[in-house]
Amino acid sequence: MKIGRLKPPLPRVGATLVAYFQMIHVIEIVNLHKAFNKKHVLQGVDLQIERGETMVVIGGSGSGKSVLIKHVIGLLSPDEGSIVVDGVDISHLRENDMNELRKRYGMLFQGAALFDSLTVWENVGFSLMQHTTLSKEEIKEKAKQKLEMVGLKGVEELMPSELSGGMRKRVGLARAIAMEPQIILYDEPTTGLDPIMADAINDLIIEMKKRLNVTSIAITHDMVSAYKIADKIAMLYEGRIQEVGTPDEIKRSVNPIVRQFITGSSVGPIKAV
Amino acid sequence: MTDTVLAGTMFTKTLAYIGGRTIRLMGDVGRGFIMFGQTISWTFKLPVNLGNIFQQVEAVGVNSLPVVLIMALFTGMVLAIQTYTGFKRFNAENYMGPVVALSMLRELGPVLTGLIVSGRAGAAMAAELGTMRVTEQIDALVTLATNPVKYLVVPRFIAGLVVLPLLTVIADSTGIIGGYLVSVHVLHVNSEIYIRMTRDYLELNDVFGGLIKACVFGIIISVVSCYKGFFTEGGAEGVGKATTGAVVMSMMLILIANYFLAALIFR
């Protein structure tokens, strides 16, 4: 991988230290700023995510959660600040290097974002088709395995338009894990699903973490889901992280902004527009 | 006092409006050219995605064929009637063959094919890419470490470039045949003279000039439509706007480019 050469040459002690911190912090977001036209969406986000951890970012609609997660995979580049993944600042990587890195990511989109001109198995095997030399049969077999991992059988030949919302999300998840990623990003994984399907997706997210040993970032405003899947929860409001803590710490938080959000009240410092 | 203030605001508002539109237009042109450049550079990078290219050739070419055939046939036929009416007034019916063929080869074949394909395939490209944008499928491509310009735009670009000249050849021949049939069988022009005149007065340049035009139109259609689709914003309404915008803009650009190409190639 080419990423390595971007690291500054360090003496051995330094290198060991860097390696040590890399082990702890897979993703480190520092002072991230992003504005669209005149709307300053992110105003200095700082957030660290440790290896193997599931970080859930909560926040209201339009609080910039999606913008934040899109920075982590290089869909957006920051106006200011940096995103460091495994010791590499990805905010100004060249496209080739970024793509090498992206092969270690998986992302589940809110609406699953399946390619509707391809069948289910072609969707799941998309990156294998693009980035490996495996034969069509091998890819199909792998796609089947991944689909089974998310609890789907016999849907390989269907088109995405023939699937229900929950199934689409599962296929999206199967596609995200097809390249055996180290980092999975979930954009509102339970939004738009009925409570039972939402819980099934939550279980899948937990299972993925256990089986693949991945680091995950999820953004959601579904508190049930957040409590269930999170190792840590971070609350994003007015462009900054207001508080980070374990689900229990968040439940006991005295911060009025966090309290209002997790109790789902329209009365408090957050104005419902 | 109030009058001058009012005039002032009116004036500045007008200026701001014109300025805003100009900035947006320039932004569009700039982004369009950037996309064109990226498309060209990705076109020559391996691996070539043959499957996608064939799919697009089918979408742009094969599916446009019936419309192009009907358009060309009837255009050639009406061309014969009108030329005949005009030429009969100074007894020059025998010279109508080359006129019909020239009009078809130089202008009507490539231009009408371009307009039809922009309405049919260009609209489809813009709508498809626009939908992919608003449903985050383009973002998904990026997260799967695949360049969306290479995966989506390049095949459409190649298809436009290859298919437009092919369709134009078909349109040209159909139109000329239609013109011949009407001239000879309806208007009773002498068949032998018609064919000989056409052969004598046509140059190979007439054909090639038309085909060069067709290539340019193919590029215009694919780049404009992909650009409009690629930068769609705002859900279903945005897709609608992008589609309309793509068709209107490619048609306008085709007609404008047509003049300059004609001036350049045929003089």
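Criteria and thresholds
As a convention, each chain's residues are numbered from 1 in the sequence order in which they are written. Chains carry letters and ligands carry numbers; both start at the beginning, A for chains and 1 for ligands, and go up in the order they are written. Residue-level local features of this predicted model are given only where pLDDT is at least 70; pairs of side-chain atoms are given and counted only at 80 or more, and the full residue set underlies all totals for whole chains, interfaces and linings. The basis for every side-chain value is the complete set of heavy atoms in the structure, and neither hydrogens nor water enter the calculation. Each helix corresponds to a stretch of at least 4 residues labelled H or I by DSSP, and each strand to a stretch of at least 2 residues labelled E; elements are numbered beginning at the N terminus. Burial classes: relative accessible area under 20% of the type maximum marks a residue as buried, over 50% as exposed, and values in between as partly exposed (1.4 Å probe, protein chains only). Here, residues are in contact when the closest pair of their heavy atoms is within 4.5 Å. The protein chains shown are the only cover counted for residues, whose accessible areas, like all others here, come from Shrake-Rupley with a 1.4 Å probe. Charge assignment: positive for Lys and Arg, negative for Asp and Glu; neither His nor the chain ends contribute. For charged residues, the charge sits on one atom: NZ in Lys, CZ in Arg, CG in Asp, CD in Glu. An arc is given here, and it is the one of the directions from the helix axis to the C-beta atoms. When a carboxyl oxygen of Asp or Glu is within 4 Å of a side-chain nitrogen of Lys or Arg, the pair counts as a salt bridge. Segmentation into domains, and thus their bounds, comes from an automatic or database assignment. Once two parts are brought into contact, the accessible area they lose, counted with a 1.4 Å probe and summed over both, makes up the buried area. Each polar contact in these results corresponds to two N or O atoms within 3.5 Å; when the atoms are within protein, one needs to be able to donate a hydrogen and the other to accept it, and residues that are neighboring in sequence are counted only if both atoms are side-chain atoms. Fitted lines through C-alpha atoms give the axes, limited to the stretch in contact for helices. The angle between two N-to-C directions lies from 0 to 180 degrees. Put simply, angles under 35 degrees are roughly parallel, angles over 145 are roughly antiparallel, angles from 65 to 115 are roughly perpendicular, and the rest are oblique. Note on convention: the crossing is left-handed when the near helix lies turned anticlockwise from the far helix by less than a right angle, right-handed when the turn is clockwise. For this classification, the nonpolar set comprises Ala, Val, Leu, Ile, Met, Phe, Trp, Tyr, Cys and Pro, the charged set comprises Asp, Glu, Lys and Arg, and every other residue, Gly included, is treated as polar.

1. Thoughts on the overall build of chain A
Helix and strand counts for chain A stand at eleven helices and ten strands. In terms of its C-alpha atoms, chain A occupies a principal-axis envelope of roughly 55 × 55 × 35 Å. Classification of the 273 residues of chain A by burial places 50% in the buried group. When contacts within chain A are restricted to residue pairs at least 6 apart in sequence, those whose partners lie at least 24 apart make up 65%. Carbon and sulfur atoms make up 53% of the accessible area of chain A, which totals about 12,800 Å². The positive charge centre, built from 34 side chains, and the negative charge centre, built from 33, are 2 Å apart in chain A.

2. Quick word on the environment of B:Arg196
Topologically, B:Arg196 is positioned in helix H7 (residues 191-201). Sequence spacing of B:Arg196 and B:Pro98 is 98 residues, and the spatial spacing of their C-alpha atoms is 9.2 Å.

3. As for helix H2 (residues 50-60) of chain B
Listed as buried for H2(B) are B:Asn52, B:Ile53, B:Gln56 and B:Val60. Buried residues of H2(B) fall within an arc of 100° about the axis and therefore sit on the same side.

4. A word on the pattern of salt bridges
According to the stated counting rule, one finds 21 salt bridges over all chains in the structure shown. With its nearest N and O atoms 2.4 Å apart, the salt bridge here joins A:Lys140 to A:Glu157. Highlighted residues: A:Lys140 in helix H6 (residues 136-149) and A:Glu157 in the loop between H6 and helix H7 (165-176), separated in sequence by 17 residues. Its relative accessible area of 49% is what places A:Glu157 among the partly exposed residues. The partner of B:Glu107 in a salt bridge is B:Lys213, with the nearest N and O atoms 2.7 Å apart. Here B:Glu107, found in helix H4 (residues 96-134), pairs with B:Lys213, found in helix H8 (residues 204-230); they are 106 residues apart in sequence, far enough to count as distant. For B:Glu107, a relative accessible area of 28% puts it in the partly exposed group. Put simply, A:Lys70, B:Arg133, B:Glu136 and B:Asp139 are held in one network by salt bridges that share partners.

5. A closer look at the domain arrangement of chain B
Residue and element names in this part refer to chain B. Assigned domains of chain B: these are domain 1 (1-45) and domain 2 (50-265). Here the C-alpha centre of domain 2 lies 30 Å away from the C-alpha centre of domain 1. With twelve residues of domain 1 at the contact, the number on the domain 2 side is 14 residues. Here domain 1 and domain 2 share an interface that buries about 1,200 Å² over both sides, 76% of which is from carbon and sulfur atoms. A per-residue breakdown of the area domain 1 buries against domain 2 is headed by Met 35, Thr 39 and Trp 42, which together make up 49% of the total. On inspection of domain 1 and its partner domain 2, the count reaches zero salt bridges.

6. A word on the side chain of B:Ser250
Residue and element names in this part refer to chain B. Relative to the helices and strands, Ser 250 resides in helix H9 (residues 235-265). Within polar-contact distance, the side chain of Ser 250 engages the backbone oxygen of Ala 246 at 2.3 Å. Aside from chain neighbours lying at most four places away, what touches Ser 250 is Ser 118, Ile 220, Ile 221, Val 224 and Ser 225.

7. Let's talk about unusual backbone geometry
Within the chain, A:Asp86 stands out as a residue other than glycine whose phi angle is a positive 50°. A relative accessible area of 14% means that A:Asp86 is categorised as buried.

8. Re the packing of helix H6 (residues 148-186) of chain B against H8(B)
All names here are of chain B. Two numbers describe how H6 lies on H8: the axes approach to 8 Å, and their chain directions differ by 150°. Taken together, the axes of H6 and H8 lie roughly antiparallel to each other. Between H6 and H8 lies a crossing whose hand is right-handed. In this structure, H6 uses Pro 148, Val 149, Val 153, Arg 156, Phe 157, Gly 160, Leu 161, Leu 164, Pro 165, Thr 168 and Val 169 to contact H8, whose residues at the interface are Leu 211, Ala 214, Cys 215, Phe 217, Gly 218, Ile 219, Ile 221, Ser 222, Val 223, Cys 226 and Phe 230. Taken together, the residues that form the contact of H6 with H8 break down as 17 nonpolar, four polar and one charged.

9. Describing the interface of chain B and chain A
Taken together, the contact pairs 16 residues of chain B with 22 residues of chain A. Taken together, the two surfaces of chain B and chain A that pack against each other cover about 1,600 Å², and 58% of this comes from carbon and sulfur. Where chain B meets chain A, there are two salt bridges. Our enumeration of links across chain B and chain A arrives at six residue pairs in polar contact (both at pLDDT 80 or more). Among the elements that make up the side of chain B that touches chain A, the one with the highest residue count is helix H5 (residues 137-143) of chain B (six residues). Residues belonging to the side of chain B that touches chain A are distributed by class as follows: eight nonpolar, six polar and two charged.

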